[in-house]
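Chains, contacts and geometry: an overview
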Amino acid sequence: MPEARVAIDLDVPGPTISRHLYGHFAEHLGRCIYGGFYVGEDSPIPNEGGIRLDVVEALRALDIPNLRWPGGCFADEYHWKDGIGPKADRPSMVNTHWGNVEENNHFGTHEFMALCELLGAAPYVNGNVGSGTVREMSEWVEYLTRDGDSPMVRQRKANGRDEPWKVPFWGIGNEAWGCGGNLRAEAYADLARQYATFLKDHGDNKLYRIAAGASDDDLNWTEALLKSISCLGCGRDPKNIYQAISFHYYTVAGTWENKGSATEFSLEDYYRTLSKAQDIERVIRAHSALMDAYDPERKIGLVLDEWGTWWDVEPGTNPGFLYQQNAMRDALVASLHFDVFHRHAERLVMANIAQTVNVLQAMLLTDDDGGLVRTPTYHVFEMNKGHQDATSVPTHVIEGTTYDLDGKAMDLVSASASVKDGRALVSLSNLDPDAALSVVLDLRGASSRESSGRLLTASKPQAYNTVADPDAVAPVPLEVEPEPRGLRVTLPPHSFATVSLVL
């Protein structure tokens, strides 16, 4: 059996892994909102104010830290005032981006805030720059967060909410280079400054304003946003106009026209998918290096507010609804991402998986009969939740295994670790689809007084969960053995594991 050695410097503190790196994304897209989060008050499915309670219960088990809404591309055609007041009086609209279906606006601002309260999650509201106005977004902030008396406060109270909400995160548009307006980088940078200026802090609600950033590794876009608030090598702090810059990165193994199946794929497809997932590290490093040049004190955060796998939709479903299954391969994509996030937690402050329910790399799949499935990706989030707000520690794969992909050695072992409150959590992935792996955890700077392990794997990388077989891919205990250098675990092929230590 191949062997790997992972060195973990438990006494060398790194950056704090913000809990917001485990954030989520809910767009008015397909069955994410309607039929996913929201079934309506008259539904026979147990709900509170129309919000589906089994979905809430499942997500609360993840310690979900934040939820981004209403989009995505939908955000830049959404006018928030159409989604408040009595439902019978709310005007409908056409969702031109996703299926060209009619949106009745029954799930709006109050429903979203009720959902966040049920989840215990911080709201991340994405405003409309593409087809909206500065005033519209400014008034949304006032409506949600201002106390006392004002036109928007009076309107909120008339709609049944006396106290303001805490809404820390605000997105200034979405994908302005594409569906959010097809703008040039410099044109959007000017708009971002303008909009951010009129997004006001009301009372003790402090806004964290996030400028809509690049696609993948488009550094020109990121640099345009940096130039608008700072200068290269000048040694001054950036202007405190917006506090973060986002980017989006999807793992697409094929082409945009033919992305491939979520569950029927070849060995080559498997390796190419995980290689594309690993490439997120290069992209984050590139954005971080550029930001370090303009912002050496790292006052501006980097936010990856859309990430995940993107496959062809399941046969027979609406192409505009982006409904896909979620296999063990997707779980490994998630585990790889989190290892990278942990390493770059000093600059990367937030990330949002796309999306939470029934869309793309979802946590949960639901049906109209009350069925709910926790996907393999869900289990990675749950197994990893101990990393939230923990201190990242250096983790090095000293000896590992590789695969030759197009003449380049692809690492088949991934790991990260953190410490918090006298405990450590180690995450491990064996990407080899066929061979088990013996892994030595070389613990340095501290020893383990007690340990336990959990394992996520399946009969094959293509395995997935269904209502009929909800635990085809589910965590099981993992044996952890003492070893002269620390601990040893055996990872089956295509598996993810966590090892918890009492130090």
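Identification of the protein as non-reducing end alpha-L-arabinofuranosidase from Kribbella sindirgiensis is taken from an unreviewed UniProt entry. Under the heading Sequence similarities (unreviewed entry), UniProt records this for the protein: "Belongs to the glycosyl hydrolase 51 family."

**A short note on the sheet that holds strand β17 (residues 395–399)**
Reading across the sheet, the 5 strands line up as β17-β1-β22-β26-β25 and stay open at both edges, with mixed pairing between neighbours. Of all strands in the sheet, those bounded by a partner on one side alone are β17 and β25 (481–483). Taken over all neighbouring pairs, the strand axes of this sheet differ in orientation by 30° on average, direction set aside. Bridge analysis of strand β22 (residues 437–444) against strand β26 (residues 486–491) gives 6 bridges, and the strand direction is antiparallel. Its bridge partner being in β26, V440 is matched across the sheet by R488.

**Some thoughts on the packing of helix α2 (residues 109–119) against helix α3 (residues 134–145)**
Relative orientation of the contacting elements α2 and α3 amounts to 50°, with a least axis distance of 12 Å. It follows from the interaxial angle that α2 and α3 lie oblique. The two elements α2 and α3 meet at a crossing, and its hand is right-handed. Across the interface between the two elements, T109, H110 and M113 from α2 touch W140, Y143 and L144 from α3. Residue classes in the contact of α2 with α3 are distributed as 4 nonpolar, 2 polar and no charged.

**Considerations on the sheet that holds strand β16 (residues 391–393)**
Overall, antiparallel pairing links the 6 strands, which are arranged β16-β20-β21-β27-β23-β24 in an open sheet. Since the sheet does not close on itself, it has two edges, and those belong to β16 and β24 (476–478), each with one partner. Neighbour to neighbour, the strand axes of the sheet diverge by 25° on average, direction disregarded. The pairing of strand β21 (residues 423–430) with strand β27 (residues 495–502) spans 8 bridges and is classified as antiparallel. Residue N430 lies in a different strand from β27, and its bridge partner there is S495. The sheet contacts of helix α9 (residues 328–343) involve β16, β20 (413–420), β21, β23 (450–456) and β27, and relative to β20 the element is tilted by about 55°. Sheet strands in contact with helix α10 (residues 376–384) are β21, β23 and β27, and its direction is about 170° off that of β23.

**Digging into the layout of surface pockets**
Of the voids in this model, the largest pocket is the one considered here, and its volume is about 680 Å³. Taken together, the elements giving at least two residues each to the lining of the largest pocket come down to α7 (267–278), α8 (280–294), α9, β17, β19 (408–411) and β20. By residue class, the composition of the lining of the largest pocket is 8 nonpolar, 5 polar and 10 charged. When residues are assigned to domains, the lining of the largest pocket turns out to be shared by domain 1 (3–9 + 393–502) and domain 2 (19–389), each giving three or more. Roughly 300 Å³ of volume is contained in the second largest pocket. What lines the second largest pocket is a set of 23 residues, among which E175, Y250, W256, E306 and W310 lie closest to the centre. Considering each element in turn, the lining of the second largest pocket owes the most residues, 3 residues, to strand β11 (residues 244–251). Taken together, the residues of the lining of the second largest pocket break down into 13 nonpolar, 5 polar and 5 charged.

Basis of the calculations
- Residues numbered from 1 in each chain as written.
- Predicted model: local features only at pLDDT ≥ 70, side-chain atom pairs only at ≥ 80, totals over all residues.
- Heavy atoms only, no water.
- UniProt positions renumbered as here; feature names shortened; annotations may be inferred.
- Pairing = 2+ DSSP bridges.
- Helix = DSSP H or I, 4+ residues; strand = E, 2+ residues; numbered from the N terminus.
- Axes fitted to C-alpha atoms, helices over the stretch in contact; angles between N-to-C directions.
- Parallel < 35°, antiparallel > 145°, perpendicular 65-115°, else oblique.
- Left-handed = near helix turned anticlockwise from the far one by under 90°.
- Contact = heavy atoms within 4.5 Å.
- Nonpolar A, V, L, I, M, F, W, Y, C, P; charged D, E, K, R; others polar.
- 1 Å grid on protein atoms, 1.4 Å probe; cavity = no way out; pocket = protein on both sides within 12 Å on 5 of 7 lines; lining within 4 Å.
- Points joined across faces, edges and corners; volume = space filled by probe spheres on them.
- Domains from an automatic or database assignment.

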